[in-house]
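These are the residues of each chain, in order.
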Amino acid sequence: MTTRYGNWLLAALLAVPFTATPARAADPFNELAEKTNQKMVKVFGAGGFSRLNNYGTGIIISPDGHILTVASQLLDTSELVVHLYDGQRLKAQVLAVEPELDAAIIKIRLDGKKIEEPNGLKLDYFDFAEAAKRPHAETGDWVLALSNTFEIALRDEPLSLQRGVVMAYTKLAARRGVFEFPYTGEVYVVDAITNNPGAAGGALINRKGELLGVIGREIKNTLSDTWMNYAIPVTAKVDIKELVKDKDGKDQEKIVTETMLSFVTKGMKGEYKRVNRTTTAIGEGGYHGIVFVPNILDRTPAYVEDVVPGSPAAKAGFRPDDLVSFVDGEPIASINVFNTWIKKNTRSGQVLRVEVRRGEALQTIELTLGAHPAKTATPQPAPMPKTP
Amino acid sequence: MNALLTPRRLLIALLALLAAPATQARAADLNESTEKAMKAASAKVAPTVVKIETAGGAEMVPGGPKKGGGPPPAGIRKGTGPTTGLIVDADGFIITSAFNFANKPTDIFVTIPGRPQRLVAKVVAHDQTRMLTLLKVDAKDLPVPSAFPKSGIDIGQWSLALGRTSDPDAEHPPSMSVGIVSATNRIWGKAIQTDAKTSPVNYGGPLVALNGQVYGVIVPASNRAEGETAGVDVYDGGIGFAVPLEDILAVLPRLKQGQELKRGLLGINPQGNDAYNASPIIGAIQPDSAAARAGMKVGDKITEIDGKKIPNFSTVQHVLGPKYDGDEISVKVMRGDKEMEFKGVKLQGTNTAYVSAFLGLLPMRDDPGPGVEIRYVYPKSPADIAGLKIGDRVMKLAPAAAPALTPIQNRSALLRALQQLTPGVEIKIEVKRKEGDKVETVTAKLIAAPDTLPEKVPLPSSAGKALEGQPKPKGKEPKDPFGPGCGDADEDASFGDDKKEDEKKEDKKDDKPKVETGFIKRTNEALGREYWVYIPGNYDANKSYGLIVWFHDTTEASKDGEKVGRTFRDVCEDHNFILVGPKSGNKDGWVPSETEIVMQDVKTVLGQYTIDKTRVVAHGQGNGGQMAFYVGFNARDIFRGVGTVGAVLGTNPKENIANQPLSFFISGGDKDPLIKDIKESKDLLIERRFPVVFREMKESGKEYFDAATFAEFIAWLDSLDRV
């Protein structure tokens, strides 16, 4: 099956010089680039110092000049300017920002018009609602990236086109603790070097010219020291922890799911309200009762030395010499990793799926966390018997 | 399946296309079909691509040698993130990049697509030449990929780099990065090169062809360095490498048995350092090596290996690069005008280290001969036991077994004669006594070079006739009987511009008073970098001078420039040394790439003065000492000694070579926090059988030599041409 493709492709490539008219793909990149360019802007704002660029890219999502871009320092200015594909230089204003989607909506403001008034611009645009309805792209899909990477395009010059494939559709946090980045949802990782200065806010499109995502910022995987090339999908979705008062007036945490589509829809109308989010204080997590071997190295493996009698770990059947290897699928490289994970992610009553290495095999153990036992008072020595 | 790209098929396809009016329509879907083919190829291999997770092991692994030479080894922080592997045997064998195991994890877990439970894996063996690790999990009936035939790999073919690390779910398609085959036979014939993005994201994963066959396993690699982490610094740089799966499958049976695969060594060394131009004449043979066992000799010119013509030493490296320990090769050489063939030469995994043989005397320098005057006899050395005395002249010498004695013209000839012998060999020496001009023949049994230093080296050390016998008229073969190479059979080829050198020397002689002496600052015109030289006030072109190349410590206030000049002033005058001090352009430490600049400065000095090439020494303190080690090992055609204070070896030492010997003088303060590492460096060098003098200075931290050690250092410097 695939062999046929191989043959076929090579034959087709070789055939090119022989045919009178060169072979063309059904979806030639030049036409795509030209069409897409008209739906893109170059954004100029704050920055220009200490490695922060004062330029970026944006995607037009309405005929009136609503523009989707990333939530960056670029927008921290009242002098926001965009350049259209034809070189027009227009002022713009921020309508909505959501760091946890790493997205922002800005809108072109013509002189003498109010921001909310129709301005009669009639620009070419991406229908965001349409784009968000399509299923996400898959690993191996060919993609094109358009952005003003390195500010190479000036005024009416077309943006740079890059070709690549979707390397993976996954959460950036697949390697946990690696990225310091507010967005926690799925991204398109691409195999082209797309995330360069000025590229953030650019468009990731498929071969049909459909919008797939917004090119993200430059972020580095601090663990492997490699830069990431990714775009936030139009289908993006994140869970935001909202701080609400319960009927007793106490602070409660509520999970709100925010989609890129609802952000864009509300944002365009100027109706997007950021929820009052919690800053999750790290508590002590649920109680397990595992006693680990002495934690002497930064990377001491999580070997069980003992379990507290009657504790959740004892009930679940942990044994000395078990090596805690995965908790809820997350690799546990060391005692430190385990402790941090428990504190950050668990509470009393939560059920964890713990995989332990026992001998030469992994055993899965269900561990129901409990509440931390009250600090037992230091045992007092028994009173001395009174000597007569 | 393998007929994928046969010319016949291509031709048929081409003709069909030309004939068919549908060409346009079919070509129109080119992108569509290529994209589909890529996904299909990935899907075909995906079940064999596994996720590997590790726990435990070191936090940091030493940085690659590329970086490790100059600055303090940076080290690579080894992630705890997952890595990728490829199933190569249905019974649970998985091959992966050794990079993933550089930190020696204590626990390894493998997730195989379609099997929900993670499996515990064990390391079975390593292929040290290709930086691969074989793992074993307890599983049966696993799918295995099909290898793309190596002979069919062409530059320009699509290549897909697959990995399992981006997505925590092994049931999803593996991550894919697309590129083409950029080159074949890279890294000395061991790897395919691709421009698909390779990084820790897919190291250990397969590089796949469009038909779903596997070209090879993705590894970080560098043709300039070795080790698990070599080449990591070019991640995502458009240069990626994969070891052909066909090659891996060929050695899989050996790996499965737990055999550690090593590089196959022939045990020969070239004459000079120019692997590309110099003809492949054997300059040295490691004792007991494959070449030695086969009967190859120093001076043999290699013409063919395994039927491949060998124009230069670089080709030798290319042909031998992919070979393993135990592989057999056939070698053709020219010995004089006789062609000889060695068949079934069995390569070895390790070479027995070459140990310099020692007779126990210091020769008088700058004496055109014939014969060599003895300047000093080491007490209790073979020479002493044989009754050789200061002032005697060594006239002839040969192994006791040889039918006749070989006349020794001068010091260089003496060094060369002894370099070809090993400790334990008995030799006969014809000596002309100082007293009464009596000629006698004595015997001595050579020993391994000891780490003792002469208590006080007698002066003068030079007969002061260095320029005697220098050819005045041009056009004649320039033949400096003392300096160049001392031991290089092809000594005059060492620097390329010997003629100029000779001319300059003539100038020096004619205009002796014009030689500027003292501390001189210079600028390397081509590079605009400064360096300094110190020429002793009593410079005499008729004496050969040792050269001390000083590498300053870049981090701390260290003895620099004029200060070093002052420290060494008396030494330079009494023992005939010239100092040269290149400057690092880097505050954080020397970088290996500065070697070339340094060597330019050194070669300029070598060309301007009468230099004794047996006493060219790299000397440095702290990170400058580390650079001295590095340069010493990487410019072996020039350096014969490395002297360091408070410095650590940045890389694993190379082998000792007969025609390019190196001696070491290593010191450190007992209060230096690095003293443990300094001692380790020393031990590593001793392990490689280099002559090493080590001095731990009492009550000293990071200071320069104390007076006693300095005196010993001088003795070491002045006895580098000991035999």
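Since we're looking at a predicted model, the values are computed, not measured. Along each chain, residues carry numbers from 1 onward, in the same order as the chain's sequence is written. The naming scheme follows written order: chains are lettered A onward, ligands numbered 1 onward. Where totals are concerned, whole chains, interfaces and linings use all residues; where local detail is concerned, this predicted model gives features only for residues with pLDDT of at least 70, and gives and counts side-chain atom pairs only at 80 or more.

S.K.: How would you explain the domain arrangement of chain B if you had to name every residue and give the values?
M.R.: Residue and element names in this part refer to chain B. Boundary definitions for the domains trace back to an automatic or database domain assignment. Under the domain assignment, chain B is made up of domain 1 (2–39), domain 2 (45–256), domain 3 (268–346), domain 4 (357–448) and domain 5 (512–717). Using C-alpha coordinates to define each centre, domain 3 is positioned 34 Å away from domain 5. Each residue gets a C-beta atom placed from its backbone, and two residues are in contact if those atoms lie within 7 Å. Each partner contributes residues to the interface: domain 3 has seven residues there, and domain 5 has six residues. Looking at side-chain class alone, the side of domain 3 that touches domain 5 contains one nonpolar, six polar and no charged residues. Classes in brief: Ala, Val, Leu, Ile, Met, Phe, Trp, Tyr, Cys and Pro nonpolar; Asp, Glu, Lys and Arg charged; the others, Gly included, polar.

S.K.: So what's going on with helix α16 (residues 707–717) of chain B? Residues and values would help.
M.R.: Residues and elements named next belong to chain B. Residues with at least 20 other C-beta atoms within 10 Å of their own are called buried, those with 12 or fewer are called exposed, and the rest are partly exposed. The C-beta atoms themselves are positioned from the backbone. Strands here mean DSSP runs of E at least two residues long; helices mean DSSP runs of H or I at least four residues long; both are numbered from the N terminus. All of the buried residues along α16 are T709, F713, I714, W716 and L717. In an axial view of α16, the angular spread of the buried residues amounts to 160 degrees, which keeps them on one side of the axis. Counted as exposed and oriented over 90 degrees from the buried face of α16: A707 and A708. Think of it as the arc spanned by the lines of direction from the helix axis to the C-beta atoms.

S.K.: Pulling in residues and values, what's your account of the nonpolar core?
M.R.: Core analysis: the largest hydrophobic core is formed by 136 residues, its most contacted members being V143(A), Y188(A), I94(B), V110(B) and V219(B). Excluding residues that lie within four positions of it along the chain, V219(B) makes contacts with S97(B), F99(B), R130(B), M131(B), L132(B), Y203(B), F241(B), A242(B) and V243(B). In terms of nonpolar packing, the next biggest core, distinct from the first, is built from 61 residues, Y534(B), L547(B), A647(B) and F664(B) among them. As used here, a nonpolar core is made of buried Ala, Val, Leu, Ile, Met, Phe, Trp, Tyr and Cys residues. They are joined through C-beta atoms within 7 Å.

S.K.: I'd like a rundown of unusual backbone geometry, residues and numbers included.
M.R.: For R155(A), which is not a glycine, the phi torsion comes out positive at approximately 45 degrees. A positive phi angle, close to 55 degrees, is found at D141(B), a residue other than glycine. Topologically, D141(B) is positioned in the loop between β8 (132–137) and β9 (158–163). Looking at D141(B), the number of C-beta atoms within 10 Å reads 7, which means it is exposed.

S.K.: Mind laying out the sheet that holds strand β4 (residues 81–83) of chain A, listing which residues take part and the relevant values?
M.R.: Residues and elements named next belong to chain A. Judged by pairing direction, the barrel is antiparallel, and its six strands sit side by side in the order β1-β2-β3-β6-β5-β4 before closing back on the first. Averaged over all neighbouring strand pairs, the angle between strand axes comes to 40 degrees, with direction disregarded. The rule for pairing is simple: two strands pair if DSSP sees at least two bridges between them. Sheet topology places strand β3 (residues 66–69) next to strand β6 (residues 103–109); four bridges connect them, and they run antiparallel. Residue pairing in the sheet places L68 in a bridge with I105 of β6. Here an angle of 0 to 180 degrees is reported between the N-to-C directions of two axes, which are lines fitted to C-alpha atoms, with helices fitted over the stretch in contact.

S.K.: Hey, could you go over the sheet that holds strand β18 (residues 308–309) of chain B for me, with residue numbers and the actual values?
M.R.: Residue and element names in this part refer to chain B. Ordered in space as β18-β17-β19-β20, the four strands form an open sheet in which the pairing is antiparallel. In this open sheet, the two strands that pair with only one neighbour each are β18 and β20 (338–346). With two bridges connecting them, strand β17 (residues 301–305) and β18 associate as antiparallel partners. When the bridges of β18 are listed, I305 appears paired with K308.

S.K.: Outline the pairing of strand β1 (residues 49–55) of chain B, listing residues and values.
M.R.: All names here are of chain B. Most of β1 is tucked away, with seven of its seven residues classed as buried. Where burial is concerned, the two faces of β1 agree: the one with V49, K51, E53 and A55 and the one with V50, I52 and T54 are both buried. By the bridge criterion, four bridges tie β1 to strand β4 (residues 83–89) in an arrangement that is antiparallel. Residue pairing in the sheet places V50 in a bridge with G85 of β4. Where β1 and strand β6 (residues 107–111) come together, five bridges link them in antiparallel fashion. When the bridges of β6 are listed, K51 appears paired with T111.

S.K.: Run through the domain arrangement of chain A, naming residues and quoting values.
M.R.: Domain boundaries assigned for chain A yield domain 1 (35–126) and domain 2 (290–368). For domain 1 of chain A versus domain 2 of chain A, the separation of C-alpha centres amounts to 50 Å.

S.K.: Tell me what's going on with the environment of Q621(B), and back it up with residues and numbers.
M.R.: Within the secondary structure layout, Q621(B) lies in strand β33 (residues 611–621). Separated by 82 residues in sequence, Q621(B) and E703(B) place their C-alpha atoms 8.9 Å apart.

S.K.: Please set out the confidence of the model for chain B residue by residue, giving values where relevant.
M.R.: All names here are of chain B. Per-residue confidence for chain B gives a mean pLDDT of 82, with 83% of residues at or over 70. Think of pLDDT as the predictor's per-residue confidence, scored from 0 to 100. Across residues 60–78, confidence stays below pLDDT 50; counting only partners more than four residues off in sequence or on other chains, it has 66 contacts. Note that pLDDT drops below 50 for residues 471–512; the model gives that stretch 74 contacts with residues more than four away or on any other chain. In the predicted assembly, ipTM is 0.81 and pTM is 0.70.

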